[in-house]
Structure formats: structure tokens, C-alpha cells
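Residue-level listing of the chains:
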Amino acid sequence: MGKIVTVASQKGGVGKTTTALNLAYNLSRHGDRVLLVDIDPQGGLSIATNVKKKTDKGLMDYFSGRARLTEIIGFSKAQKLAVLGVGSSSPQDAIRLEDLALANKGVIAALLKQLAAYFEYVIVDSPTGIGGLLKSLLFASDIVLLVVQSRSLALKTLPAMLSLISWVREDENPGLYHIGTVVTMLDKDPKSIEQQLLQEIREGFPKEMFFTTTIDFDPVFEMASLKAVPVAMVQNGIYAAKNYQDFAREFKQRDVVVKQKGEKDGSDPELF
């Protein structure tokens with residue numbers, strides 16, 4: 001049985017979908033079979049992977065009985081990476097997806113667990129913010145990965161997310177593990193305010209709280225987004241791709257080693 005990983009952020013525009021895509025791509029390059037699942041009603045991951053070129057159908061069609069799973073999952077040429085899009089992105093379907101989560105969280109959990117039987121990792125791009133849909137995803141997940149920028153407003157959203165993780169763990173899913181928080185779109189200048197803020201944050205919290213690897217800001221990510229591919233597949237994307245290669249390697253190490261040692265995951269909201 002593979003692991004279900006929910007990628008979450010409370011603030012939009014921090015690189016959550018980019019992180020989900022590039023993490024999945026690099027894990028698949030390491031040999032893992034990985035499924036990317038878009039459960040964000042905005043369909044950001046579906047756009048970022050161009051999955052709609054193959055099919056307009058997705059999760060909403062499956063939940064509505066209009067499509068089978070085999071019709072909505074698209075595999076890469078190497079067959080190690082697959083994508084399941086959200087399907088229709090109309091406001092009505094977005095509301096239906098949220099209602100489905102609130103009315104019966106077991107439906108989404110059952111589907112993700114069914115999919116996890118065929119992959120080493122099922123990586124879920126969740127909707128931004130805290131709501132019923134994210135809660136349902138965390139109920140079903142083995143791992144939660146948080147994504148933030150090193151900016152005051154973004155970092156101030158962490159306590160609420162950590163409180164939610166703690167509540168889900170205590171109430172419904174004791175096995176949920178916060179594998180860490182990755183900082184994205186970081187100013188490369190070591191004297192920048194972002195770098196200084198990150199240094200202060202690292203000194204004030206357990207090392208498990210943040211990944212050592214950070215994702216630097218690079219305009220090439222916009223080109224990758226336009227082409228709907230991982231950053232490693234665009235020209236001049238070597239440096240940016242290395243960031244995500246290192247991050248995927250650290251993610252894998254944490255998954256294998258940290259939990260085996262029984263170490264705390266640093267998600268105690270009282271740290272704030």
C-alpha cells in the first residue's frame with residue numbers, strides 16, 4: 001500500500017501546485033510509481049500538467065458516475081508518473097466537491113486508499129486554505145506537506161495549519177504525519193529580508209519543522225508553468241530543477257528515516 005501525501009498551504013500563490021508537480025516528477029525519476037491527484041476545485045494541477053489535452057473528465061465525473069477511474073487517469077510515457085485531474089472546474093462543481101467532503105468524508109478517503117494500492121505515493125494537490133475539503137483529505141492521508149514563503153504574512157498562517165493537523169490527528173487520524181514545511185520562492189540574496197527571516201525562524205523552532213532544502217525564486221518556473229511541465233523539462237531549468245531534486249531526496253529520507261526513529265514531527269501548534 002502506497003502513502004497518501006496531501007500538499008497544503010493556507011495562503012495562495014506560494015508554489016503549492018508547483019511543489020506537488022515537481023516532487024512527484026522527481027520521486028518518479030527515482031523509480032517510485034507516483035499518482036498526482038488534483039482535488040483543488042480551481043484545477044491548478046490539471047492546468048500545470050496539461051492533463052485536459054488527454055481528457056476533460058476527472059474526479060467530478062467519477063463522483064457523478066459519468067466516468068470510470070480508468071478513463072480519468074493519464075500516465076506519462078515512462079509509466080512511472082500518472083495524473084488524475086479534477087475534471088469540470090465550474091463553480092457549481094466546485095461547490096459539489098466541497099459539499100461531498102462535508103457530507104461524507106469517507107467517499108474521498110476510500111477513493112484515495114483504493115488508488116494507493118497501485119502506487120508508492122499518491123500526491124494530492126489540495127485547495128488553498130482551511131476547509132471541509134482539506135479536512136477530508138487529511139483524514140485520509142498518511143503524510144501532510146506544508147508549503148510557505150519566507151514572508152511574514154505567509155509564516156503567520158502556519159499556527160492555524162498546525163492546529164488543524166493536531167486536531168485531525170487527535171480526532172480522526174492518529175497516523176497523520178507532518179513530514180515538514182518547505183520554503184519556496186526564496187530570494188537567493190543571503191542578505192535579503194527573506195533569508196534573514198528564515199534564519200530567525202529556523203533558530204526558533206525544531207529542525208524537523210522545516211526542510212533543509214529551500215526552493216529559490218527563479219523566472220524559469222513561469223516558463224515551466226506555461227509549457228505545463230516540471231521545471232527540469234524546460235531550457236535553462238537546470239538550477240531550479242536541482243532545488244526540487246534535492247528536496248525530493250530529502251523528502252524521501254525523512255519518509256524512510258525520521259518516522260522510523262520515532263522523532264517528533266515538529267507540528268505542535270504550541271510552539272508558536
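In what follows, the structure referred to is the one given above.
Now for a quick tour of the structure. No experiment lies behind these values; they were computed from the predicted model shown. (Residues numbered from 1 in each chain as written. Predicted model: local features only at pLDDT ≥ 70, side-chain atom pairs only at ≥ 80, totals over all residues. Heavy atoms only, no water.)

### Digging into the pairing of strand β1 (residues 3-8)
In terms of burial, β1 is largely enclosed, as 5 of its 6 residues are buried. Pairing of β1 with strand β5 (residues 121-125), which is carried by 5 bridges, proceeds in the parallel orientation. Each bridged residue has a counterpart across the sheet, and for Lys3 the counterpart in β5 is Tyr121. With 4 bridges joining them, β1 and strand β6 (residues 143-149) adopt parallel strand pairing. Among the inter-strand pairings, Thr6 is bridged to a residue of β6, identified as Val144. (Buried < 20%, exposed > 50% of the residue type's maximum accessible area, 1.4 Å probe, protein only. Helix = DSSP H or I, 4+ residues; strand = E, 2+ residues; numbered from the N terminus. Pairing = 2+ DSSP bridges.)

### Here we look at the pattern of salt bridges
One pass over the full model with this rule turns up 9 salt bridges. Between Lys3 and Asp255 there is a salt bridge, and its shortest N-O distance comes to 2.6 Å. Of this pair, Lys3 sits in strand β1 while Asp255 sits in helix α12 (residues 238-258), and the two are 252 residues apart along the sequence. Residue Asp255 is classed as buried on the basis of its relative accessible area, which comes to 10%. Ionic pairing is found between Lys16 and Asp125, a salt bridge with its closest N-O pair at 2.7 Å. Placement of Lys16 in helix α1 (residues 16-29) and of Asp125 in strand β5 is noted, with a sequence separation of 109 residues between them. Take Lys16 and Asp125: they sit in the same class, and that class is buried. (Salt bridge = Lys/Arg side-chain N within 4 Å of Asp/Glu carboxyl O.)

### What to know about helix α10 (residues 193-204)
The first and last C-alpha atoms of α10 sit 17 Å apart over 12 residues, in line with the 16 Å expected at 1.5 Å per residue. When α10 is considered as a whole, its buried residues turn out to be Glu194, Leu198 and Ile201. Down the axis of α10, the smallest arc covering the buried residues is 60°, so these residues share one side. For α10, exposure combined with an orientation more than 90 degrees from the buried face picks out Ile193, Glu200, Glu203 and Gly204. For α10, the elements touching its buried residues are α8 (152-155) and β7 (177-184). (Expected span 1.5 Å × (residues − 1). Arc of directions from axis to C-beta. Contact = heavy atoms within 4.5 Å.)

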